[in-house]
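The primary structure of each chain is shown beneath.
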Amino acid sequence: MPTSIRFSTFPRTQPPPLFTGVIQDVFRAHAAEIGTQNLDKGLTSNDVLTILRPALIELGFTVEASKHASDKIKRPVFFGENGAPALQYEIDAYHEAWKCGLEIEAGRAWMGNAVYRDLIQAMVMVDLETLVLCVPLGYRYNAGGKPLISRDYTNAIAVADAIYGHHRITMPYRLVLIGY
């Protein structure tokens, strides 16, 4: 059965990071469970992360275990006195050897501006060289009783093309954008 999982990498002038394939394999293995093209109603980002967590851990990621503060993954931005992190941002998963952060978004990906937040926060995280940003191919919702679909993956690609392709901006990390 063909998979509905898609990906694009940025900047477009470089080949995908070597680990992109194994991350894609995790999403493809669970496409029937998480794929927004096949489901009447998409899952929350927490539900998607719960499904993918065991396979991501197997790849070597440290993965958020729950929404409790003690279970969240934090990456430092600034260090303060005695080398303690003075500012940290949360991320869904992090792979230390690959210096790769992973964020899974669902309903807020496009309409809630989570894509922009993730792109900006990743810019200032210490030791983050690649961001894997995962968004729905199509987020289904109702507005005024009418069913609509937000094309989050297509919209996120347009933003990434503008940012990575513009001469006024140099991004400090590579981006792997996954549509599920």
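The structure displayed is predicted, hence computed values, not measured ones.

Describing empty space enclosed by the protein
- As enumerated under the stated definition, the model contains one cavity of 30 Å³ or more in all.
- Roughly 30 Å³ of volume is contained in the largest cavity.
- Lining the largest cavity are Ile-34, Thr-36, Gly-42, Leu-43, Val-48, Ala-106, Gly-107, Pro-136, Tyr-139 and Tyr-180.
- For the lining of the largest cavity, the per-class residue count stands at seven nonpolar, three polar and no charged.

Focus on the layout of surface pockets
- Its boundaries defined by the atoms lining it, the largest pocket holds a volume of some 200 Å³.
- Glu-90, Asp-92, Glu-103, Arg-108 and Arg-117 are, among the 16 residues lining the largest pocket, the residues nearest its centre.
- Contributions of two or more residues to the lining of the largest pocket are made by helix H3 (45-59), strand E4 (85-91), strand E6 (100-104) and helix H4 (114-124).

Considerations on the packing of aromatic side chains
- The final tally for this structure, using the stated rule, is six aromatic pairs.
- Here the aromatic residues Phe-10, Tyr-164 and Tyr-173 are joined through ring pairs into a cluster of three or more.
- The ring centre of Tyr-94 lies 3.9 Å from the NZ or CZ of Arg-75, which sits over that ring.

Some thoughts on the sheet that holds strand E5 (residues 93-95)
- Strands sit in the order E1-E10-E7-E6-E5-E2 across an open sheet of six strands; the sheet is mixed. Every other strand in the sheet has two partners, leaving strand E1 (6-10) and strand E2 (62-63) as the edge strands with one partner each.
- By the bridge criterion, two bridges tie E2 to E5 in an arrangement that is antiparallel. Within the sheet, the bridge partner assigned to Val-63 lies in E5 and is Ala-93.
- Against the sheet, H3 contacts E2, E5 and E6, and its axis sits at roughly 155 degrees relative to E6.
- Of the strands in this sheet, E6, strand E7 (130-135) and strand E10 (174-179) touch H4, which is tilted by about 170 degrees from E7.

Some remarks on the environment of Ile-104
- With respect to the element layout, Ile-104 can be found in strand E6.
- Sequence separation of Ile-104 and Pro-76 is 28 residues, and the distance between their C-alpha atoms is 19 Å.
- In this view, Ile-104 contacts Phe-27, Ser-45, Val-48, Leu-49, Leu-52, Asp-92, Cys-134 and Tyr-180; residues no more than four positions away in its chain are not counted.

Brief notes about the side chain of Ser-8
- Looking at where Ser-8 falls in the secondary structure, it is placed in strand E1.
- On the basis of relative accessibility, which here comes to 11%, the residue Ser-8 falls in the buried class.
- Here Tyr-153 takes part through its side chain, which lies 3.1 Å from a polar atom of the side chain of Ser-8.
- Other than its neighbours up to four places away in sequence, Ser-8 contacts Tyr-153, Ile-157, Leu-175, Val-176 and Leu-177.

What counts, and at which threshold
Residues numbered from 1 in each chain as written. Predicted model: local features only at pLDDT ≥ 70, side-chain atom pairs only at ≥ 80, totals over all residues. Heavy atoms only, no water. 1 Å grid on protein atoms, 1.4 Å probe; cavity = no way out; pocket = protein on both sides within 12 Å on 5 of 7 lines; lining within 4 Å. Points joined across faces, edges and corners; volume = space filled by probe spheres on them. Nonpolar A, V, L, I, M, F, W, Y, C, P; charged D, E, K, R; others polar. Helix = DSSP H or I, 4+ residues; strand = E, 2+ residues; numbered from the N terminus. Phe/Tyr/Trp six-rings, centres within 6.5 Å; stacked < 30°, edge-to-face > 60°. Lys NZ or Arg CZ within 6 Å of the ring centre and 35° of its normal. Pairing = 2+ DSSP bridges. Contact = heavy atoms within 4.5 Å. Axes fitted to C-alpha atoms, helices over the stretch in contact; angles between N-to-C directions. Buried < 20%, exposed > 50% of the residue type's maximum accessible area, 1.4 Å probe, protein only. Polar contact = N/O pair within 3.5 Å; in protein donor to acceptor, adjacent residues only side chain to side chain.

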